[in-house]
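Commentary on secondary and tertiary structure
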Amino acid sequence: MKKKLMVFFIIVLFTVPGFSQKFKNLALTPPMGWNSWNCFGPDINEKKVMEIADYMVKTGMRDAGYIYLVIDDGWQEGRDANGNIIVNKKKFPHGIKKVADYVHSRGLKFGIYSDAGRKTCQGLPGSRGYEFQDARTYARWGVDYLKYDWCYHGKQNSEASYKLMRDALYKAGRPIVFSICEWGTTKPWKWAGGIGHLWRTTEDIQDCWDCVNEWGGLGWTLILDKQVGLELYSGPGHWNDPDMLEVGNGGMTIEEYRAHFSMWCMLSAPLMAGNDIRKMTPEIKEILLNREAIALDQDPLGKQAIRLVDTGDYEIWGKELSKGELAVALLNRGDIPVRAKINWKWILKKLKRDGHIYKIRDIWLHKFVGKTNRVFEKKVKPHKVIVLRLMK
Ligand code: GLA
């Protein structure tokens, strides 16, 4: 009888309006921030995190919308006799709360990483079996964002595992953005909408145009291909996540980084910078801080772009924006220049806006370059993108 009452109580608790309500409006536009993994790997510590927080303010990233500072794998060490997670004292001598408080004091939000399996991908303690305890710890530390990985999951069911942590976060009571990092293996876009705010759709991104590494890491254009068809599942509060940005990590040219960033904005992808922003060049800064590009990503309609034309090397992508506006990206993936001639009539029809005439704004040149009732011809250099906002 006691047990039945308990189950009833738990069910009521989770269905009380307001309980999950706190989590509902956390990611109405794709989350933006910075994550330690792509530039530092597990080599992360208190000093670096605090400096990054300072630079997020100093460089203007915070004010451009990059709000979450997320520590990825590598901060944990073990568990004590009571199962509490132990923080690596060499890396974080004053504990995580101290860092979280500092991050908050800079007007940012703080995020952390764990894993649904027994261990993280770095072989450190995962949250399996400790979900409610860890969620309570995160809430106590002032965590605002949890990236939750999928290493060492054994025979665990993905949906059940992520639901369990979601419920643990609900129970802990602090509003926390829940970032599902299951790499697309069990098609999270089909089940994760009510569980997390974003879900990874693919293997890990690499700092390259189209490479594939031995354990499945992918260059960004190959990740881009895997987003085609997933547009149905993305929208305010629940985003496809093609992984964090590599912009500025040194493996690509400026034009290639501009293309990578532009296409992430076209996709309404979460924008988690992954470079060492303490050492950002002006060119990289100009990319990450292009407010016209960010505005496409953060458009409140939250529509992921669709690929309208695919000729192998040359592609045209289209995105619906709020207030009947549109964005169009011309992407040259090949090695020779393409002479792009746009058939606006056809494109507008595809994007359900036929009959409308728009002003065309190039969001990288920051100027108006024509109107959709006239011919638009442009050379697109290899590995370059042109992004046009069609405005009323
Ligand atoms: C996985 C994730 C990465 C990163 C590492 C950390 O590979 O997909 O984004 O979090 O683990 O070990």
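Residues numbered from 1 in each chain as written. Predicted model: local features only at pLDDT ≥ 70, side-chain atom pairs only at ≥ 80, totals over all residues. Heavy atoms only, no water.

1. Topic: the sheet that holds strand 15 (residues 359–362)
Across the sheet, 6 strands lie side by side as 11-12-13-18-15-16; this open sheet has antiparallel pairing. Edge positions in the sheet fall to strand 11 (306–310) and strand 16 (367–371), since each has one partner strand and no second. Averaged over all neighbouring strand pairs, the angle between strand axes comes to 25°, with direction disregarded. Both strand 13 (residues 326–332) and strand 18 (residues 385–391) contribute to a ladder of 6 bridges, which runs antiparallel. Paired with Leu331 across the bridge in strand 18 is Val385. (Pairing = 2+ DSSP bridges. Helix = DSSP H or I, 4+ residues; strand = E, 2+ residues; numbered from the N terminus. Axes fitted to C-alpha atoms, helices over the stretch in contact; angles between N-to-C directions.)

2. Overview of the site of the ligand
Within the structure, the ligand sits among 13 residues, and Asp72, Asp73, Lys147, Asp149 and Asp204 are positioned closest to it. The contact in question runs from an oxygen atom of the ligand to an N or O atom on the side chain of Asp73, over 2.8 Å. Within the side chain of Lys147, one N or O atom sits 2.7 Å away from an oxygen atom of the ligand. The protein chains hide 94% of the 310 Å² of surface that the ligand would expose on its own. Its residues placed into classes, the shell around the ligand shows 6 nonpolar, 1 polar and 6 charged. (Near = heavy atom within 4 Å. Polar contact = N/O pair within 3.5 Å; in protein donor to acceptor, adjacent residues only side chain to side chain. Areas by Shrake-Rupley, 256 points an atom, 1.4 Å probe, with all protein chains shown as cover. Nonpolar A, V, L, I, M, F, W, Y, C, P; charged D, E, K, R; others polar.)

3. Some words on the environment of Arg62
With respect to the helices and strands, the residue Arg62 is situated in helix 5 (residues 61–64). Between the C-alpha atom of Arg62 and that of Gly33, which follows or precedes it by 29 residues, the distance is 7.9 Å. For Arg62, the residues in contact, after removing those within four places along its chain, are Met56, Val57, Ile67, Arg106, Gly107 and Leu108. For Arg62, the side chain forms a polar contact with the main-chain oxygen of Arg106, separated by 2.7 Å. (Contact = heavy atoms within 4.5 Å.)

4. Some points on the domain arrangement of the protein chain
Often the size quoted for an interface is simply the accessible area lost on bringing the parts together. Looking at the protein chain, the domain boundaries give domain 1 (27–297) and domain 2 (306–391). Opposite the 25 residues of domain 1 that make contact, domain 2 presents 22 residues. Regarding the contact of domain 1 and domain 2, the summed buried area is about 2000 Å², with carbon and sulfur atoms giving 65% of it. When residues of domain 1 are sorted by the area they lose upon contact with domain 2, Met266, Glu292 and Leu296 head the list and together hold 32% of the total. Along the contact surface separating domain 1 from domain 2 lie 4 salt bridges. Between Glu292 and Arg361 there is a salt bridge, with the nearest N and O atoms lying 2.7 Å from each other. (Domains from an automatic or database assignment. Buried area = accessible area lost by both parts, 1.4 Å probe. Salt bridge = Lys/Arg side-chain N within 4 Å of Asp/Glu carboxyl O.)

5. Description of the environment of Lys379
With respect to the helices and strands, Lys379 occurs in strand 17 (residues 376–380). Separated by 47 residues in sequence, Lys379 and Asn332 have C-alpha atoms that sit 9.8 Å apart. Not counting the four nearest positions on each side in its chain, Lys379 is found in contact with Pro337, Val338, Arg339 and Ile386.

6. Describing the packing of helix 7 (residues 131–141) against helix 8 (residues 158–172)
At a minimum axis distance of 8 Å, the contact between helix 7 and helix 8 shows a crossing angle of 45°. Accordingly, the angle class assigned to the pair helix 7 and helix 8 is oblique. Note that helix 7 runs across helix 8; the crossing there is right-handed. Residue-level inspection shows Glu131, Phe132, Asp134, Ala135, Arg136, Tyr138 and Ala139 of helix 7 in contact with helix 8, the latter providing Leu164, Met165, Asp167, Ala168, Leu169, Lys171 and Ala172. The class makeup of the residues in the contact of helix 7 with helix 8 is 9 nonpolar, no polar and 5 charged. (Parallel < 35°, antiparallel > 145°, perpendicular 65-115°, else oblique. Left-handed = near helix turned anticlockwise from the far one by under 90°.)

7. Section: the state of the cysteines
Tallied over the entire structure, the rule returns 2 disulfides. For Cys121, the disulfide goes to Cys151, at an S-S distance of 2.1 Å. Residues Cys121 and Cys151 are joined through a disulfide that is right-handed, its torsion about the S-S bond being 100°. Remark: Cys151 occurs in the loop between strand 6 (145–149) and helix 8 and Cys121 occurs in the loop between strand 5 (109–115) and helix 7; sequence separation between them is 30 residues. (Disulfide = S-S within 2.5 Å.)

8. Re the sheet that holds strand 5
One open sheet accounts for 8 strands, arranged 9-8-7-6-5-2-1-10; its pairing is parallel. Each edge of the open sheet carries a strand with a single partner, namely strand 9 (239–241) and strand 10 (271–273). Strand-to-strand, the axes of this sheet are offset by a mean angle of 25°, without reference to chain direction.

9. Some thoughts on the side chain of Asp362
Among the structural elements, Asp362 can be located in strand 15. Look at Asp362: it is buried, it has no salt bridge, and the nearest opposite charge is Lys378 at 5.0 Å. For Asp362, the side chain forms a polar contact with the main-chain nitrogen of Leu365, separated by 2.9 Å. Aside from chain neighbours lying at most four places away, what touches Asp362 is Lys367, Val369, Ile386, Val387 and Leu388. (Buried < 20%, exposed > 50% of the residue type's maximum accessible area, 1.4 Å probe, protein only. Lys, Arg positive; Asp, Glu negative; His and termini not counted.)

10. Quick word on the pairing of strand 16
Pairing of strand 15 with strand 16, which is carried by 4 bridges, proceeds in the antiparallel orientation. Bridge assignment links Asp362 to a residue of strand 16, and that residue is Lys367. Here strand 15 hands over to strand 16 after 4 residues, with His366 in that stretch at a positive phi of 60°.

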